[in-house]
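Geometric and topological summary
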Amino acid sequence: WGPNPYYYMAGKYGIHPTYIQEMLNDSRYDSEDILAVVDHLKETGGNYYSLDNLEVARNFYYGEPRGTWQPSLVMKDRDVLILGSGPSVAAHRKALEKYILKVNPYVMALNTQAVLDADLIDVRVACHPVRLLADYEELIHYPQPLITPFSMLPHEVTKSLRGKEVLDFGLGVKPDTFMIDDTHCIVPTSLVVAYSLAVATSGQAKGILLAGFDGYGADDPRTSEMQALLSKYMSTIQGLELLSITPTKYNIPIQSVYAL
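Here is a short report on the structure shown in this document. For clarity, every value in this text was computed on a predicted model and none was experimentally measured.

A few points about the pairing of strand E8 (residues 184-187)
Two elements, strand E6 (residues 170-173) and E8, share four bridges in a ladder whose sense is parallel. Residue pairing in the sheet places Gly170 in a bridge with His184 of E8. Where strand E7 (residues 179-180) and E8 come together, two bridges link them in antiparallel fashion. Bridge pairing in E8 links Met179 to Ile186. Taken together, E7 and the strand that follows it, E8, pair antiparallel across an intervening segment of three residues.

Some words on the sheet that holds E6
The sheet built from three strands is open, its strands ordered E6-E8-E7 with mixed pairing. Every other strand in the sheet has two partners, leaving E6 and E7 as the edge strands with one partner each.

As for the sheet that holds strand E1 (residues 79-83)
Taken together, seven strands build an open sheet; the order of strands is E5-E4-E3-E2-E1-E9-E10 and the sheet is parallel. Every interior strand has two partners, whereas the edge strands, strand E5 (166-168) and strand E10 (242-244), have only one. Averaged over all pairs of adjacent strands, the angle between their axes in this sheet comes to 30°, without regard to strand direction. As paired elements, E1 and strand E2 (residues 106-110) share four bridges and run parallel to each other. The residue bridging Leu81 from the neighbouring strand is Val107, located in E2. Taken strand by strand, helix H10 (residues 192-202) contacts E1, E2, strand E3 (123-125), strand E4 (146-148), strand E9 (207-211) and E10, and its axis lies near 160° from that of E2.

Here's the deal with the nonpolar core
Counting residues in each nonpolar core, the largest one holds 48 residues, and the members touching the most others are Ile82, Met108, Ile147, Tyr195 and Ile208. At eight residues, H10 tops the list of elements feeding residues into this core. Every residue in contact with Ile208, bar those within four places of it in the chain, is listed here: Val80, Ile82, Leu197, Ala200, Thr201, Tyr233, Leu240, Glu241, Leu242 and Leu243. Ranked by size, the runner-up nonpolar core spans 17 residues in total, among them Leu81, Leu96, Leu120 and Ala211.

As for the packing of aromatic side chains
Applying the stated criterion to the full structure yields two aromatic pairs. Relative to Tyr233, the ring of Phe178 has its centre 5.5 Å away and its plane inclined at 70°; by these criteria the two rings are edge-to-face. Here Phe178, found in the loop between E6 and E7, pairs with Tyr233, found in helix H11 (residues 221-235); they are 55 residues apart in sequence, far enough to count as distant. Residue classification places Tyr233 among the buried positions, given a relative accessible area of 0%. For the cation-ring pair, Arg124 lies above Tyr142, with the distance from its terminal atom to the ring centre recorded as 3.8 Å.

Reading guide: rules and limits
- Residues numbered from 1 in each chain as written.
- Predicted model: local features only at pLDDT ≥ 70, side-chain atom pairs only at ≥ 80, totals over all residues.
- Heavy atoms only, no water.
- Pairing = 2+ DSSP bridges.
- Helix = DSSP H or I, 4+ residues; strand = E, 2+ residues; numbered from the N terminus.
- Axes fitted to C-alpha atoms, helices over the stretch in contact; angles between N-to-C directions.
- Contact = heavy atoms within 4.5 Å.
- Core = buried A, V, L, I, M, F, W, Y, C linked by side-chain atoms within 4.5 Å.
- Buried < 20%, exposed > 50% of the residue type's maximum accessible area, 1.4 Å probe, protein only.
- Phe/Tyr/Trp six-rings, centres within 6.5 Å; stacked < 30°, edge-to-face > 60°.
- Lys NZ or Arg CZ within 6 Å of the ring centre and 35° of its normal.

This is the structure in structure tokens:
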């Protein structure tokens, strides 16, 4: 399998090398994801390759979906604006900030997105344990509360967030599923976008506005993955109206922020 350090670790811990091969060939996995999966499989056993085991290792939320915070307490009948990481947020920053000041939507920034004035962001959203471990130093210093499935996260993650104001909204992952309750959800992927859509839906928002969901290249597997997620959400009974207010390559309704 060559001198790759990930294959070396797989051999050391008795993990089937196909796990490493699959992750290296999938652009969704960065080095932190691979290390986290290896750490998970060395504890739970990875002698035999299983795609299901790989997905579980990538998600690794503990127990049945559960949470303690109800989004409807702050979102009911309000527009919710979800800020993604695409460059269009910076390109249209002034217009987005003007819109927020004028309309006062509930603003959720994904992960460490920090282009807009911090005073205009109500809350941050992060759910992937690996991403939380990678970003915790930034997250704990941002002034906004953090929506995350706190009670379902590994101990090392909750420990890293000690002292941070968290809003505990539970998360389960099940293919082709959107099930949304008052304090938790089950979504088809651990992508923070899916989690954020579920949070806004649970919150009984009036509608969901998206900014910074520019899209990737046509050959990038993340493009089809995200489009499938958005299409699945829009087709669900609970799904709210989606509207992108910055340019996007995804097949969703769009209206320029300048026209709002």
